[in-house]
Amino acid sequence: MTIIITAFDRSPDGGQGLARDTRVRWALEEVGQPYEVRLVSLRAKQEPAHLRLHPFGLIPTYEEGDLALFETGSIILHIAERHAGLLPPNTEDGANARARAITWMFAAVNTVEPPILELANAKLLEGDKPWAEERLPLVKDRIPDRLVQLSARLGDADWLDGTFTAGDLMMVSVLLRLRPSGLLDEFPKLAAYVARGEARPAYKRAFAAQWAINAGNPQAGS
């Protein structure tokens, strides 16, 4: 069955890989699954057809036959559990490592991403408010503690738990949102970690596919 995901017809980030459909594209590229993309406008994502797929009117969504999913964490976990390449094998020897990889997926979106996303929203959605100048430093100050902790845990390792997993895919995707702020440059180990993620051929293909849409040349994933 053909996998279909949704993406913005014009991404708010201009195709810089920060839109959440990039995470799903990356996961599909890592496991070698072809997919198609249905482009959605800002208006169309609030219409009944899209709301049947995503009750909150967001992107991306994932369709495969009768299955429709939303939320990138859920989508990527589904992909990782069905196809080899993003989780350790579900065997007696690999079960613990598999559980840890899934834990890192949750840590990325539940612990590390919220303050990062708050900073992005403070700049993009609230930057013109009269209190924005005073609030922005407070929002920004909530992020470094998490980065200190994450950097300490990563140490000199290439990946969070030995080999590259869906946990790393999610964490790198989250940390990429920090690049415009310059905060990532203050943590060389994390900056190098993100660069390793971006250097993966699967990420490059996902990025190129997302960029092509915003360059006026839509294409599906390979």
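Up top is the structure.
Residues numbered from 1 in each chain as written. Predicted model: local features only at pLDDT ≥ 70, side-chain atom pairs only at ≥ 80, totals over all residues. Heavy atoms only, no water.

Draft legend 1. Examining the sheet that holds strand 1 (residues 3-8) more closely. The mixed open sheet is built from 4 strands, whose spatial order is 2-1-3-4. The sheet is open, and its two edges are formed by strand 2 (36-40) and strand 4 (67-70), each paired on a single side. Ignoring strand direction, the axes of neighbouring strands in this sheet form an average angle of 20 degrees. As paired strands, strand 1 and strand 3 (residues 61-64) are joined by 3 bridges and run antiparallel to one another. Bridged to Ile5 within strand 3 is Tyr62. Packed onto the sheet, helix 1 (residues 21-30) meets strand 1, strand 2 and strand 3 and runs at close to 150 degrees relative to strand 1. Relative to strand 4, helix 3 (residues 72-82) is tilted by about 130 degrees, and along the sheet it contacts strand 3 and strand 4. (Pairing = 2+ DSSP bridges. Helix = DSSP H or I, 4+ residues; strand = E, 2+ residues; numbered from the N terminus. Axes fitted to C-alpha atoms, helices over the stretch in contact; angles between N-to-C directions. Contact = heavy atoms within 4.5 Å.)

Draft legend 2. How the structure looks around the packing of helix 1 against helix 3. Between helix 1 and helix 3, the shortest axis-to-axis distance is 10 Å and the interhelical angle comes to 5 degrees. Between helix 1 and helix 3, the interaxial angle falls into the category roughly parallel. Contact residues: helix 1 offers Arg23, Val24, Ala27 and Leu28, while helix 3 offers Thr72, Ile75, Ile76 and Ile79. In terms of residue class, the contact of helix 1 with helix 3 is built from 6 nonpolar, 1 polar and 1 charged. (Parallel < 35°, antiparallel > 145°, perpendicular 65-115°, else oblique. Nonpolar A, V, L, I, M, F, W, Y, C, P; charged D, E, K, R; others polar.)

Draft legend 3. Representation of helix 9 (residues 201-214). For helix 9, with 14 residues, the first-to-last C-alpha span of 20 Å sits near the 20 Å given by 1.5 Å per residue. The complete set of buried residues in helix 9 reads Ala202, Tyr203, Ala206, Ala209, Gln210, Ala212, Ile213 and Asn214. Against strand 1, helix 1, strand 2 and helix 8 (188-199) lie the buried residues of helix 9. (Expected span 1.5 Å × (residues − 1). Buried < 20%, exposed > 50% of the residue type's maximum accessible area, 1.4 Å probe, protein only.)

Draft legend 4. Fine view of the nonpolar core. Ranked by internal contacts, the top residues of the largest apolar core, which has 52 residues, are Met171 and Leu175. Counting only elements with at least two residues in this core, the list comes to strand 1, helix 1, helix 3, helix 4 (95-124), helix 6 (144-154), helix 7 (166-175), helix 8 and helix 9. Take this core: its biggest share by element is 9 residues, from helix 4. In this structure Leu175 touches Val112, Ile116, Leu147, Leu150, Leu184, Tyr193 and Val194, once residues within four positions along its chain are discounted. (Core = buried A, V, L, I, M, F, W, Y, C linked by side-chain atoms within 4.5 Å.)

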